[in-house]
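An overview of the molecular structure
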Amino acid sequence: MGRRLQGLDLCSLLFLGLVLNSLVLFCNGGKTSRYVRRLEATVDMPLDSDVFCVPSGYNAPQQVHITQGDVEGKAVIVSWVTQEAKGSNTVLYWKENSSKKLKAHGKSTTYKFYNYTSGHIHHCTIRNLEYDSKYYYVVGVGQTERKFWFFTPPQVGPDVPYTFGLIGDLGQSFDSNITLTHYENNPIKGQTVLFVGDLSYADQYPNHDNNRWDSWGRFVERSTAYQPWIWTMGNHELDFAPKIGETKPFKPFKHRYRTPYRSSGSTEPFWYSIKRGPAYIIVLASYSAYGKYTPQYTWLEEEFPKVNRTETPWLIVLMHSPWYNSYDYHYMEGETMRVMYEPWFVKNKVDVVFAGHVHAYERSERVSNIAYNVVNGICSPVKDQSAPVYITIGDGGNLEGLATKMTEPQPKYSAYREASFGHAIFSIRNRTHAYYGWHRNQDGYAVKGDTMWFYNRFWRPTDESTSSDS
Ligand SMILES: *[C@@H]1O[C@H](CO)[C@@H](O)[C@H](O)[C@H]1NC(C)=O
Ligand SMILES: *[C@@H]1O[C@H](CO)[C@@H](O)[C@H](O)[C@H]1NC(C)=O
Ligand SMILES: *[C@@H]1O[C@H](CO)[C@@H](O)[C@H](O)[C@H]1NC(C)=O
Ligand SMILES: *[C@@H]1O[C@H](CO)[C@@H](O)[C@H](O)[C@H]1NC(C)=O
Ligand SMILES: *[C@@H]1O[C@H](CO)[C@@H](O)[C@H](O)[C@H]1NC(C)=O
Ligand SMILES: [Fe+2]
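About the criteria used
Residues numbered from 1 in each chain as written. Chains lettered and ligands numbered in written order. Predicted model: local features only at pLDDT ≥ 70, side-chain atom pairs only at ≥ 80, totals over all residues. Heavy atoms only, no water. Donors = N, O, S within 2.8 Å, 3.2 Å for Na, K, Ca; no water. Tetrahedral: all angles 85-135°; square planar, octahedral: opposite > 155°, others 65-115°. Helix = DSSP H or I, 4+ residues; strand = E, 2+ residues; numbered from the N terminus. Buried < 20%, exposed > 50% of the residue type's maximum accessible area, 1.4 Å probe, protein only. UniProt positions renumbered as here; feature names shortened; annotations may be inferred. Phe/Tyr/Trp six-rings, centres within 6.5 Å; stacked < 30°, edge-to-face > 60°. Lys NZ or Arg CZ within 6 Å of the ring centre and 35° of its normal. Near = heavy atom within 4 Å. Polar contact = N/O pair within 3.5 Å; in protein donor to acceptor, adjacent residues only side chain to side chain. Pairing = 2+ DSSP bridges. pLDDT = per-residue confidence, 0-100. Contact = heavy atoms within 4.5 Å. Arc of directions from axis to C-beta. Axes fitted to C-alpha atoms, helices over the stretch in contact; angles between N-to-C directions.

1. Some remarks on the coordination of the iron ion (ligand 6)
- Those donors, Asp198 (OD), Asn235 (OD1), His320 (NE2) and His357 (ND1), are the protein atoms that reach the iron ion (ligand 6), and they lie 2.2 Å from it.
- In this structure, the iron ion (ligand 6) is coordinated by 4 donor atoms arranged in irregular fashion, with angles at the metal of 88 to 170°.
- Sequence spacing of the donors to the iron ion (ligand 6): D-x36-N-x84-H-x36-H. Note that Asp198 is positioned in the loop between strand S13 (192-195) and helix H3 (211-224) and His320 in the loop between strand S17 (314-318) and helix H6 (335-347), a separation of 122 residues in sequence.
- His320 sits in the buried class, given a relative accessible area of 0%.

2. Brief notes about the UniProt feature "domain: Calcineurin-like phosphoesterase" (unreviewed entry) in the protein chain
- The UniProt record annotates "domain: Calcineurin-like phosphoesterase" (unreviewed entry) at residues 163-361.
- Each end of residues 163-361 is marked by a C-alpha atom, and these two atoms are 20 Å apart; helix forms 27% of the span and strand 16%.

3. Regarding the packing of aromatic side chains
- The final tally for this structure, using the stated rule, is 39 aromatic pairs.
- Judged by centre distance (4.8 Å) and plane angle (65°), the ring pair of Trp231 and Tyr257 falls under edge-to-face. Taken together, the residues span a long stretch of sequence, with Trp231 in strand S14 (residues 229-231) and Tyr257 in the loop between helix H4 (251-256) and strand S15 (272-276) at a distance of 26 residues. Each of the two residues, Trp231 as well as Tyr257, counts as buried.
- Taking 5.2 Å as the distance between ring centres and 65° as the angle between the ring planes, the aromatic pair formed by Tyr324 and Tyr413 counts as edge-to-face. Of the two residues, Tyr324 sits in the loop between S17 and H6 while Tyr413 sits in the loop between strand S22 (389-393) and strand S23 (414-418), which places them 89 residues apart along the sequence. The residues Tyr324 and Tyr413 share a single accessibility class, namely buried.
- Ring pairs connect the aromatic residues Tyr290, Tyr297, Phe304, Trp323, Tyr324, Tyr341, Trp344, Phe345, Tyr390 and Tyr413, which therefore count as one cluster.
- Above the plane of the ring of Tyr35 lies Arg440, whose end atom (NZ or CZ) is 4.3 Å from the centre.

4. Section: the site of ligand 2
- What surrounds ligand 2 is the set Tyr114, Asn115 and Asn207.
- For ligand 2, an oxygen atom lies 2.3 Å from a polar atom in the side chain of Asn115.

5. Some remarks on the sheet that holds strand S1 (residues 31-32)
- Read across the sheet, 8 strands follow the order S1-S23-S19-S22-S18-S17-S16-S15 without closing on themselves; strand pairing throughout is mixed. Edge positions in the open sheet fall to S1 and S15, since each of these has one partner strand only.
- Pairing geometry for strand S16 (residues 279-283) and S17, over 5 bridges, is parallel. Considered in S17, the bridge of Ala279 is made with Trp314.

6. Some details on the pairing of strand S2 (residues 62-68)
- Taken across its 7 residues, S2 has 7 buried, putting it largely inside the fold.
- Direction of pairing for S2 relative to strand S3 (residues 76-82): antiparallel, over a ladder of 5 bridges. Following the sheet pairing, Ile66 is matched in S3 by Val78.

7. Section: the confidence of the model for the protein chain
- Model confidence for the protein chain is summarised by a mean pLDDT of 91, while 90% of its residues fall at 70 or above.
- When the criterion is pLDDT under 50, residues 1-27 qualifies, and its contacts beyond four places in sequence or with other chains add up to 26 contacts.

8. Section: helix H5 (residues 295-303)
- Inspection of H5 places Gln296, Tyr297, Trp299, Leu300 and Glu303 among the buried residues, and these make up the whole buried set. Considered in projection along H5, the buried side chains sweep an arc of 165° and stay on one side of the axis.

9. Examining the sheet that holds strand S11 (residues 146-151)
- With antiparallel pairing, 4 strands are arranged side by side in an open sheet as S5-S4-S10-S11. Only two strands of the sheet have a single neighbouring strand rather than two, namely strand S5 (102-105) and S11. The average angle at which neighbouring strand axes cross in this sheet is 30°, direction not considered.
- Here 4 bridges tie strand S4 (residues 90-95) to S5, and the two strands are oriented antiparallel to one another. Counterpart to Tyr93 in the pairing with S5 is Leu102.

Structure follows, in structure tokens:
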């Protein structure tokens, strides 16, 4: 608090002239938002809520979700659950206005968790899709057929505009529903969600009540069935519960959600990469081994040289546990991974890193801290135009509530922080420019709480920190 008040004194004159949504307190490195959210308990929606409604009809497919199914964006993995019986594994699909209907066949699986038995979880990959096209698809049979659609991305290339949504730590509270609604109603339309981990929070229920995994799948279907969500693993996906005999980490997540990890040479679904339009997206696993010689380390080391910025100018990394976080919550949890990997991120000029975990919002300056003191933890990051901007977007609205306590004074690396629920949009315009906006749930759909023009680190590595108008 001290730093913030001090900042206010120094800037109070300047401040008078600024409108509320463009507050800039450049004193002392960063800004702690003056927006104070009314604190209320964050409560999960009861199981009989409208958003959890089971589709009608015998064995109707539910929890329908899609994700990218290959490296280039020409395949889609369609997943759904049938509760009463195995039912059909087939996805019927066709390109808009095409009379040629195609079929793809998937597989189904079930799992047990303590005394819970899952429904039949289906996964079906449809391949060889054409770029930049609308496809319809149908799952289920007879009376309980359900029809959805999605758009394939443009062909991988440097100057194709593409817009990503950013959501993290969503859960299934009333606030989660507001976050999703705001994302859907944002006038800048997200085409794919980059989800930074912690999906259902089922593990907060007695015996990790896996019915809450099902309810979450039904809740998000209104978005996940129509656009791919790119999954990152969070700690709430671990479901490690030895007291009730559940000793295989990630069991529910692994059965329910697929990632195209094999296509990028990964050996586990938790870390992988995809290209989508102008972006190369690397997903890292905060809760899998990442030290030297581990599979993830070896994979990532070989991954960076594959990134061709002429083909995919934008290099984006997703992870759950943030490296630069000035909240009291989860403070320094990301340090060991940062110490291992940060030099690679700087060398390879990663544009932006999105993380979750902390239930609040924060954006960093471009900083690096190669010379970290492991003995005393003293951290004095330096401005570095080859470094990514780090964004914490764990503010989806789950039942654990907001992280409100921040470290004071606000560290210099922290450009903006605010304890509010929300989502963000990363809108790539061409190889040099991307527009970024964070939206807090308390505002109207079009209002931005924090914005920034990103200049690509490879094509336009100029300092954009003074241009951030948040
Ligand atoms: C499909 O048909 C509709 C109606 O005729 C038309 O508006 C639309 O542009 C067509 N789409 C494509 C991709 O041809
Ligand atoms: C599982 O166990 C819990 C308590 O141990 C109980 O409340 C619940 O009804 C059980 N569920 C099933 C499907 O048996
Ligand atoms: C969730 O949000 C949707 C869309 O705004 C709304 O129709 C629905 O009633 C909400 N449900 C709950 C339980 O808040
Ligand atoms: C990078 O991509 C461009 C455009 O697709 C291509 O012309 C070039 O050969 C690629 N470079 C390498 C090293 O593969
Ligand atoms: C890239 O997009 C930005 C923002 O829309 C625009 O100002 C700039 O002129 C564009 N560059 C090119 C080469 O089109
Ligand atoms: Fe988390």
